[in-house]
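What the coordinates show
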Amino acid sequence: MGLSEKIAALQAEALEKLKKLANDQELNDLRVNVLGKKGSLTEILKEMKNLSAEERPTIGALANEFRDKINFMLEEKKLEFAQKTLNAALVQETLDVTLPGKQQKQGTRHILTQTQEEIEDIFLGMGYEVIDGSEVETDHYNFERMNLPKGHPARDMQDTFYITEDTLLRTHTSPLQARTMDAHDFSRGGLRMIAPGRVYRRDTDDATHSHQFHQIEGLVVGKDITMADLKGTLDLVMKKMFGQDRKLRWRPSYFPFTEPSVEVDISCFKCGGTGCNVCKQTGWIEILGAGMVHPNVLEMSGLDSSIYSGFAFGLGVERIAMLRYGINDIRGFYQGDVRFLEQFAL
Ligand code: FA5
């Protein structure tokens, strides 16, 4: 068989194999077997040295034509395989935009935060400043500046967690009264502030008591502040919080840092005052402590108590939220049970 016939036979065989290729691996094998250094074409071309000078160019041209043709066809096949792989991937990765999405659970502000912010908004609307305080407080501000010197019997009602002998977790937000008065420049006028925050006591946890809870302190100091201002202010705020029908009841009480002192009750939201299990058949629910700032407290901040007077109050945020939403166990606020919390999602 002459070389041109051998090339023609090789071409026919290669074209046949090309048709049957299944993947890139087989394609590469065919390229190596036919066109590679030790491939069939190279073997055939080794015989060129036996040809005459006239025959060589013709066979050479034939061989080149064959090589180009096979290369071209292998390249086409390669593209075909790539296209197939791509199509298969596209089919597999199809995104069905009509499928329903996964529902994302969205968080919500805690009911205590909501209650606190609502109270803040009412006071901000009346021109009060909102003051932030530290939960770690000194004995000096928590007790002494609140007219509770060391050994005072009323300290027993607010035993707390001590960090050192003079550093403790605050038992109420009242130290912010002294701190705010100390920082205020009274030559520029009086002050109106509320101070919300977490407080701590060595109380036994039960349905209405927690060893940590939230208070909002209120303080107004100026030149002609009277008990009437305190009454008018709290009456307005409580009606905004609990509705116009609520009545307030003022009872004499005792706090070392106010004189006179009062405790304020609100007419029961459930029975309206006739008596039920929520108000323990009294028709009233205690909501806060308040009074006129004790002269000693004013004087300790450097104020002349014959010129300046003020009122203060401290309310429990949990107590307010429990009343508003009919929650009967304070522990629900802290347990993080989503079923409890999501009832108050806004
Ligand atoms: C005080 O803490 C005073 N500092 C309030 C005050 C401020 C009076 C300014 C006068 C002038 P009392 O201990 O009563 O007061 O607490 C105030 C409110 O905090 C209570 O009415 C109650 O709502 C809430 N509270 C008290 N103890 C607890 C507790 N263990 N758990 C949850 N709430 C509590």
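Our subject is the structure that appears above.
These remarks concern the structure in this document.

About the cut-offs
- Residues numbered from 1 in each chain as written.
- Predicted model: local features only at pLDDT ≥ 70, side-chain atom pairs only at ≥ 80, totals over all residues.
- Heavy atoms only, no water.
- Pairing = 2+ DSSP bridges.
- Helix = DSSP H or I, 4+ residues; strand = E, 2+ residues; numbered from the N terminus.
- Contact = heavy atoms within 4.5 Å.
- Axes fitted to C-alpha atoms, helices over the stretch in contact; angles between N-to-C directions.
- Core = buried A, V, L, I, M, F, W, Y, C linked by side-chain atoms within 4.5 Å.
- Buried < 20%, exposed > 50% of the residue type's maximum accessible area, 1.4 Å probe, protein only.

**Concerning the sheet that holds strand β7 (residues 248–255)**
In space, the seven strands of this open sheet follow the order β1-β5-β6-β10-β9-β8-β7, with mixed pairing throughout. On the outer flanks of this sheet lie β1 (129–130) and β7, each paired with one strand and no other. Each of β5 (191–200), β6 (212–222), β9 (284–293) and β10 (309–316) touches helix α7 (residues 175–183); the most contacted strand, β5, lies at about 140° to it.

**Quick notes on the nonpolar core**
Ranked by internal contacts, the top residues of the largest apolar core, which has 41 residues, are Met-238, Ile-287, Leu-288, Phe-313 and Phe-333. When residues of this core are traced back to their parent elements, those giving at least two are α5 (111–125), β6, α8 (227–242), β8 (258–267), β9, β10 and α10 (317–325). By residue number, the principal contributor to this core is α8, which donates six residues. When neighbours within four sequence positions are excluded, Met-238 is seen to be in contact with Gly-243, Leu-248, Ile-266, Ile-287, Leu-288, Leu-315 and Ile-320. Ile-131, Ala-154, Met-193 and Val-293 belong to the second-largest nonpolar core, a separate cluster that totals 23 residues.

**Some thoughts on the sheet that holds strand β4 (residues 167–169)**
Reading across the sheet, the three strands line up as β2-β4-β3 and stay open at both edges, with antiparallel pairing between neighbours. Of all strands in the sheet, those bounded by a partner on one side alone are β2 (136–138) and β3 (162–164). When strand polarity is set aside, the average angle formed by the axes of neighbouring strands in this sheet is 35°. Here β3 runs beside β4; their pairing, made up of two bridges, is antiparallel. What sits directly across from Thr-164, in β4, is Thr-167.

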